[in-house]
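The primary structure of each chain is shown beneath.
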Amino acid sequence: MTNEQKALVRGTVPVLREHGVALTTYFYNRMLSHNPELKNVFNSANQRTGAQPTALAMSVLAYAEHIDNPAVLSQAVNRIAHKHVSLDIRPEQYAIVGKHLLASISEVLGEAASSELIDAWATAYGELAAIMTGVEASLYSESANKEGGWSSWRPFVVQKKVKESSEITSFYLYPSDGGKVADFLPGQYITVRLFVPELKVLQPRQYSISCAPNGAYYRISVKKERGIDEQHAGFISNMLHDTIHEGAVIEVAPPAGDFTLDLESDKPAVFISGGVGLTPFMSMLEYMVQSKKDRPITWIHGSRGFEVHAFRDTVTELSGQHSSMNIHTFYDKLEDEKQDNYYEGFVDLSQVKDAIVPGADYYICGPGVFIKKHFAYLREQGIDANAIHFEEFGPAILVVE
C-alpha cells in the first residue's frame, strides 16, 4: 500500500468507531442476500444477536488502526484463522466477502466514499486476505497431514450420549470409517455441522473437546440452550439433545483453536470457569492427570446450582489422582452451607485463599463479562497479562488489557 492509501484507511477510523456495527450488519445482509449459499457457513444465531457483525466491526477497526504495522495483530489473526479453518472457509470465498465489503462501504458512506478511498480499502483488504489465507493454508495442511487427520468435513458416529447435568450432555464421537482421529492440544474445539429443517440450511457450531487426546474419539459436552425472553433457543444444541441419538452420523471438522494448555510448562495452573465454560478445562485436567503432570492445580468453578453442575464427581475423582489439586465451587444458592470449599454467589476470587499463586498460568473460560471481571481482578493483584489466557465462546468480541 502507498502512504496515501494508508492515510485514507486511517481516516475511516472515527467512522468505524461510531458506525462500524451498522456497516458490518449492512454488509452481512447484502452478502447473504446475494450469496445465500453462505448461509450454510455462518452461524445464524450470531447473525440474529448481532455478535457476528460486532466481531467483524471490531476486526475491521483494529486493522484500520494498525494499518502501518498489521504484524501487531498476529495473535488475533491466528485466532480468526483457526475459526475459519474450523468452518472450512476457503480462499475463493475471500473474493466474495471482499466484493460485498467494498460495496457496503461505498453504499453506506455514500458521497464520502471516494474512488480513492474504495481503492485504498480494496488494497488493504487484498493484503489482509493474503495474510489470512496464508495462515489458513498452513493450518489446513497441518490438520490433513497428522496421523488420523483430515481436511474439511468427515462423518462421525455418535456412539454414546452421557448426561452430565440437567442441561449438559456429552457426545462421544467416533469416525464412521473406523479410522483413528487426530490428536489435538487440550483446550481446542471441533466443529459439528447439522442440517436445520426450520432454516433449510446447514449450520456449524464449535464445541470444546472435553476429553484428553486418545486417538480413538472426541467428546463434546453440550449445554441445551433453552432460550429465555428475547434469547432464542439454540437450534443445534437442541437438535443434539433431542433428535441426535446414539448411532446417528454427523459431520465434523478437525480440531482447531489457540486456547490451549502449555504442555511444556511446570508452572501451577489455575482454572477459572463459569457454567459450560469448564469443558475445555476437562480436556486439560484429564491430560494432566493421565500424563502424570505434577503441576499444582487450582480449580475454580461457578454454577447456578447442584443440578446444573456438570462433571462435579468426575473432577473430584480426577483430583484424587493428582498430587496437588484444590477445588473451589460457587453456587448461586448453597443447599448445605457447611460444605468445605463451597461458596454462595458468583465466582469471587478474593474468597479463594489459594486463587493467586505466584508464577502461575491462569486460564479463564465463560461469558465475556465473567472473563473481564476476573481478568481485571488478576491484573489488580499484579498478575502479568501474558500469564492470563482466556476463551470467549462464540465470535471474538472481547477486548481486555
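Parameters at a glance
- Each chain carries its own residue numbering, running from 1 in the written order of its sequence.
- Per-residue local features are limited, in this predicted model, to residues with pLDDT of at least 70; the limit for side-chain atom pairs, both in listing and counting, is 80 or more; totals at the level of whole chains, interfaces and linings are taken over all residues.
- Note: side-chain values were computed over all heavy atoms of the structure, leaving out hydrogens and water.
- Secondary structure elements are defined from DSSP: runs of H or I of at least 4 residues count as helices, runs of E of at least 2 residues count as strands, and each element is numbered from the N terminus.
- Identification of polar contacts relies on pairs of N or O atoms within 3.5 Å, with a donor-acceptor requirement for protein atoms, meaning one able to donate a hydrogen and the other able to accept it, and with residues adjacent in sequence counted only if both atoms are side-chain atoms.
- A contact between two residues is defined here by any heavy atoms of the two lying within 4.5 Å.
- Categorising residues by exposure relies on relative accessible area from a 1.4 Å probe, with only protein chains included: less than 20% of the type maximum marks a residue as buried, more than 50% marks it as exposed, and the intermediate range marks it as partly exposed.
- Ring pairs are drawn from Phe, Tyr and Trp, using the six-membered ring of Trp, whenever the two centres fall within 6.5 Å, and their geometry is named by plane angle: stacked under 30 degrees, edge-to-face over 60, tilted for the rest.
- Strands pair, by our definition, only if DSSP identifies at least two bridges between them.
- Comment: axis = line fitted to C-alpha atoms, over the contacting stretch for helices; angle = value between 0 and 180 degrees taken between N-to-C directions.

## Considerations on the side chain of histidine 328
So, point 1. Mapped onto the fold, histidine 328 is located in strand β9 (residues 325-331).
So, point 2. Polar side-chain contacts of histidine 328 include one of 2.9 Å to the side chain of tyrosine 343.
So, point 3. Among residues more than four places away in sequence, those in contact with histidine 328 are Thr298, Trp299, Ile300, His301, Asn341, Tyr343, Val352 and Asp354.

## Topic: unusual backbone geometry
So, point 1. Even without a glycine there, the phi angle at serine 152 is positive, about 70 degrees.
So, point 2. The residue serine 152 is located in the loop between α7 (115-145) and β1 (154-163) in this model.
So, point 3. Serine 152 gets classed as partly exposed once you look at its relative accessible area, which sits at 22%.
So, point 4. The phi angle at lysine 292 is positive, at roughly 60 degrees, despite the residue not being glycine.
So, point 5. Summarising the element assignment, lysine 292 is placed in the loop between α9 (279-290) and β8 (297-303).

## Brief notes about the environment of serine 104
So, point 1. In this fold, serine 104 is placed in helix α6 (residues 91-109).
So, point 2. Given the relative accessible area of 0%, serine 104 is considered buried.

## Considerations on the packing of aromatic side chains
So, point 1. This model, assessed by the stated rule, comprises 17 aromatic pairs.
So, point 2. When the ring of phenylalanine 271 is compared with that of phenylalanine 281, the centres are 5.0 Å apart and the planes differ by 40 degrees; the resulting orientation is tilted. In this pair, phenylalanine 271 sits in strand β7 (residues 269-274) while phenylalanine 281 sits in helix α9, placing the two residues ten residues apart along the sequence.
So, point 3. Here the aromatic rings of phenylalanine 271 and tyrosine 363 are separated by 5.5 Å at their centres, their planes lie at 35 degrees, and the arrangement is tilted.

## Digging into the sheet that holds strand β12 (residues 388-391)
So, point 1. Spatially, six strands are ordered β10-β9-β8-β7-β11-β12 in an open sheet, and the strand pairing comes out parallel. Edge positions in the sheet fall to β10 (342-344) and β12, since each has one partner strand and no second. If you compare each strand with its neighbour and ignore which way they point, the axes differ by 15 degrees on average.
So, point 2. Direction of pairing for β9 relative to β10: parallel, over a ladder of three bridges. The partner of threonine 329 across the bridge, within β10, is tyrosine 342.
So, point 3. Sheet contacts for α9: β7, β8, β9 and β11 (361-365); angle to β7, the most-contacted strand, approximately 150 degrees.
So, point 4. Each of β7, β11 and β12 touches helix α11 (residues 368-380); the most contacted strand, β11, lies at about 160 degrees to it.

Everything listed is a geometric property; what it means functionally is a separate question.
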